[in-house]
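Topology and contacts: notes
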Amino acid sequence: MLESLLPELIVAVFALAVIFIDMTLREDDREFLGYLSLAGVLLALAAVLMQTKEALQSPVLEAGVFSGLMRIDLFAVFFKVVFLLVALMVVLGSIDATRKDRYKGEYYSLVLFSTLGMMFAAMAVDLVLMFVAVELATISTFALAAYRKSRRTTEAAMKYFVVGAFSSGLIVFGMSLLYGLSGSTNLYEIAGAMGSGDLYWVQVLAMVFLIAGFGYKVAAVPFHMWAPDTYQGAPSPVSAFLAAATKKMAFVALLRIFVVALSAPALVEKWALLFGILAAVTMTLGNVVALSQRNIKRMLAYSSIGQAGYVLIIFALLASGADVSLSVGAGLLHIFTHAIMKGGAFLVVAAASYYMIGSELEDFSNLGRRLPLTALSMTVFLLSLAGIPFFAGFVSKFMILTATVAAGGWYLFLGILLVVNSVVSLYYYARVIRYMYFAGGEVRREPEPALLTVALLLAALLVVYIGVFPDSFVSLSIDAAGSLFS
Amino acid sequence: MMLANLIFIPLLGAVVSYLAERTGVVSARSVALATTLLTAVLSVVALLEFLGGADMFPEQSRVWISDFGITFTLGADAMSLSLVLLTALLYLVAVLASWNIGGNRGRYFGLLLTMEAGLMGVFLALDLFLFYVFWEIVLIPAFFLINGWGGERRSYAAMKVLIYTHLGSLFMFIGIIMMYLKAGSFSFFDISDALAGADAGFKSMVFLLLFIGFAFKIPLVPFHTWLPDAYTEAPTPVTILLAGLLSKMGAYGLLRLGVSLLPETFQNYAYAVAVLALISVFYAAFTALAQRDIKRLVAFSSVSHMGFLVLGIASFDFIGISGAIFQMVSHGLIVALLFFLTGMLVEKVGSREIPRLGGLITRAPFLGWVLVFASLASLGLPGLSGFVAELSILLGLFSTYPFLAYITVLSLPLTAGYYLWMLQRSTFGATSELVEGARSDVRWFEALPVLVLVLLITLLGVYPAPLMEMIGTTSREIVALIGGI
């Protein structure tokens, strides 16, 4: 049984190793910790990819690890790949981005512990374990957000902490109601016990608490106010981690709880409507507010909110009777592609700040000539975020749109809203490109930070690869969605 | 021959020309010229194979995204081939027109050739997902080209064309997805079969969604507002491509998707479409009358002529549709020549303002005479290609909607009016101060494209039969769909 937890063991061991080795190192040598974490992430990624290979043969590798606390299925493995890829990008980028910072040991171990929490959250099918895993991941990021000391960072971290703690409270409350209603903490047992229609208002209350609690974590409107401040104030690699990984973890939990545990048709009808409203409001507000942002990190934060709205659409579709694997698969692929492109975009800001380039739109003027490779990857990420063909984001957005159109009827309205939002978003993404390449004026090319650039180029390459050869990624995400139920 | 070469060779050329300029081995422009020449040769080879009776509809098919039945399917019939040849030719013109372009040439020609790959893809794709993907990707190089090499208000113009046509395209995409969900595949043929039995309400909805996309691209009034800015601000070679080819994407889509896939539905809306097109014809002609900038005048004239083209499509008559396809080629050639000349005007005289160009013909006779020729071609002088196209369109329209046809005829003097008035003020008349200092030299890369275009416009005008006959195969199939001859 332990061997099926090999990836998690690797991450845990390396996280602890970072802490202990940190104590033995002189300050100048601590860059080594970055490489150590990198090795850990790479090893864990290799182990997870082996699991993926197995899971492609039989979608459910182990149904009940530790007497039913966890379930290692393709769904879990899929998300573990996402989290580890993001961790890889962030660690690789951080070696350059945190070169001048002092507390490297703490930094890398927190990143690893947070990743560990996410990996457990991906596998958890028990409310208690899920909560603990989510908390492990989030509490680590509280500290990460406050990693650099400045007024803005402290404010960002404080806001993030207060909202995070509050939303965890909401989640626990929702979970305890679920337990009270069903007498079990196992998601699959809850699924069997719910849906009788008894205690109607308690059921609704549980759903509302869970949606609100996780709504804060995915920064859905109206629970989003913390996200722009936090993403803007936190160090850029941490913002990348928050937007690309932590947020995705909340989606894992949402999917497991709602799609599995609350799958009784009478319940789906209720929460799907709530999600539909949430999706419509979230994508529209996120994109429209992003239009007026002059700060790139803030703009990316609002775009993140908008993109979360796209994923929320698929929850709404589940009441329509449309193909569940297609709908959920569309959401999964978008979570994947968004993690890579948004993580990449924040890392670009990190690369820019390496040369003391700020994150205002004007600061990015002529980035195309100053840091050509960085600007090139940013262009790839932005076009992908906008959903331009031959980039990853187009494929996943196409899947969401298709799922929406397939649901038909009133859901088409969500599809049209998605399309209009997509056009709005193209404007503010293209504006950054315009600044990077067509601002005019003279600049000098600077040597780009090697590892950070490697991280960016790898991410950009993956985005293009998925865009040009999407076949296996599309079927992977559809199969992963299917493994939730099989 | 593999039609895929027509897409991949420009793409390869794009990469090579970018790298060539960076490494300094060869100049980007010679790589670009070689690439476009090769593409043109291959297009001619494809044409010869087609005329030799090869079945290229579809030619090849490969699975791309299996879960959605998406394939990489290419194919060509007479209509696609006419546009492929037009693309190949106008790209030669555009490359020569960019011979001395400023800025980073590696990037410029890389973007230009990437766009060619996209355009070829649009005209060859027989999988609607593939069609959409190429359709969208054309916009991105255009955005960069306008932004990087355009006129004063370039960033505004580039953003406008990007956002407007993207909006239209996405509505079209919803329509395509709806057809896919009906057919279970994106293949043109599967969808064609599946739609035959679909209910009318569904088809109307799909048609309207598709039409929005085409109307933005063609463009028809009131979806045209992006056009004057984009055409005027783009650098000359890009304007040639925008007006000559990108607008044809919309018309091609209307024929390939609107007419071929949804014939009865389109026929139900044909009158409305024709009225919209007629409004475009007149609105754009009147607006052209008021322009001081010759490039803007040609831009509006282009909208007017594209309206003419749509009238031909909406006539649903054999001659009318043949005329419309003929007009695609003819308008492509004429508008390319006109925009090429506006580029030369800036180069030689230093202005595009009509009142400041008086007496051009005395100082720069080559430029002046070709401008006269191009204007006459555009206004539909008999003996030139525009006349053949517009006459066929009118004949088709007379047999279907005589009332609309009578009104359309009224636009002809209007068109003649704004062109002749422009000529009178610019080319003839008293020599202006600016023209006094005009350069009259003509270099090879200026003369060659002009001569080729002039020759082709005349040839198609005097002897249109071969092209008409070839087009006839496509339009006959289209008319057969609705139970015509």
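Everything here concerns the structure above.
Residues numbered from 1 in each chain as written. Chains lettered and ligands numbered in written order. Predicted model: local features only at pLDDT ≥ 70, side-chain atom pairs only at ≥ 80, totals over all residues. Heavy atoms only, no water.

A few words now on the overall build of chain A. Looking only at helices and strands, one finds 19 helices and two strands in chain A. Computed over its C-alpha atoms, the radius of gyration of chain A comes to 21 Å, within 12% of the 23 Å expected for a compact globule of 486 residues. Split into buried and exposed, the 486 residues of chain A put 67% on the buried side. Nonlocal contacts in chain A, meaning residues at least 24 apart in sequence, comprise 80% of its contacts between residues at least 6 apart. Put simply, chain A has 30 plus and 29 minus side-chain charges, and the middle of one group is 9 Å from the middle of the other. (Helix = DSSP H or I, 4+ residues; strand = E, 2+ residues; numbered from the N terminus. Rg over C-alpha atoms; globule rule 2.2 N^0.38 Å. Buried < 20%, exposed > 50% of the residue type's maximum accessible area, 1.4 Å probe, protein only. Contact = heavy atoms within 4.5 Å. Lys, Arg positive; Asp, Glu negative; His and termini not counted. Charge placed at Lys NZ, Arg CZ, Asp CG, Glu CD.)

Facing 35 residues of chain B, the contacting portion of chain A comprises 37 residues. Of the roughly 3200 Å² buried at the junction of chain B and chain A (both faces included), carbon and sulfur atoms supply 85%. Our count for the chain B to chain A interface comes out at zero salt bridges. If you look at where chain B meets chain A, you find three residue pairs in polar contact (both at pLDDT 80 or more). Elements represented by at least two residues in the side of chain B that touches chain A include exactly strand 1 (60–65), helix 5 (128–137), helix 6 (139–149) and helix 7 (154–183) of chain B. If you tally residues by element for the side of chain B that touches chain A, the top one is helix 7 of chain B, at 14 residues. Residues belonging to the side of chain B that touches chain A are distributed by class as follows: 26 nonpolar, five polar and four charged. (Buried area = accessible area lost by both parts, 1.4 Å probe. Salt bridge = Lys/Arg side-chain N within 4 Å of Asp/Glu carboxyl O. Polar contact = N/O pair within 3.5 Å; in protein donor to acceptor, adjacent residues only side chain to side chain. Nonpolar A, V, L, I, M, F, W, Y, C, P; charged D, E, K, R; others polar.)

Let us now look at the nonpolar core. Counting 425 residues, the largest nonpolar core has I257, W271 and F364 of chain A together with I176 of chain B as its most contacted members. Among the elements that line this core, the one with the most residues is helix 3 (residues 74–97) of chain A, at 20 residues. (Core = buried A, V, L, I, M, F, W, Y, C linked by side-chain atoms within 4.5 Å.)

Residues and elements named next belong to chain A. Here strand 2 (residues 70–73) shows two buried faces, one formed by M70 and I72 and the other by R71 and D73. Pairing of strand 1 (residues 60–65) with strand 2, which is carried by three bridges, proceeds in the antiparallel orientation. Residue pairing across strands places V60 opposite D73, the latter belonging to strand 2. Here strand 1 hands over to strand 2 after four residues, with F66 in that stretch at a positive phi of 50°. (Pairing = 2+ DSSP bridges.)

Residues and elements named next belong to chain B. Its place among the elements puts K295 in helix 13 (residues 294–315). For the buried K295, which has no salt bridge, the nearest side chain bearing the opposite charge is D293, at an N-O separation of 7.5 Å. Those residues in contact with K295, other than ones at most four positions away along the chain, are Y231, T232, A234, P235, T236, T239, F339, T342 and R352.

Now for the pairing of strand 2 (residues 70–74) of chain B. Residues and elements named next belong to chain B. Most of strand 2 sits inside the fold, with five of its five residues counted as buried. Here strand 1 pairs with strand 2 via five bridges, running antiparallel. In the strand pairing of strand 2, I65 is matched with I70. In this antiparallel pair of consecutive strands, strand 1 and strand 2, the connection spans four residues, and G69 shows a positive phi of 60°.

Residue and element names in this part refer to chain B. With their axes 7 Å apart at the nearest point, helix 3 (residues 78–97) and helix 21 (residues 465–481) run at an angle of 135° to one another. As judged from the angle between their axes, helix 3 and helix 21 are oblique. Contacts from A78, M79, L81 and S82 of helix 3 reach helix 21 at L467, M470, I471, T473 and T474. Residue classes in the contact of helix 3 with helix 21 are distributed as six nonpolar, three polar and no charged. (Axes fitted to C-alpha atoms, helices over the stretch in contact; angles between N-to-C directions. Parallel < 35°, antiparallel > 145°, perpendicular 65-115°, else oblique.)

Such coordinate-based values are descriptive only and should not be taken to indicate function.
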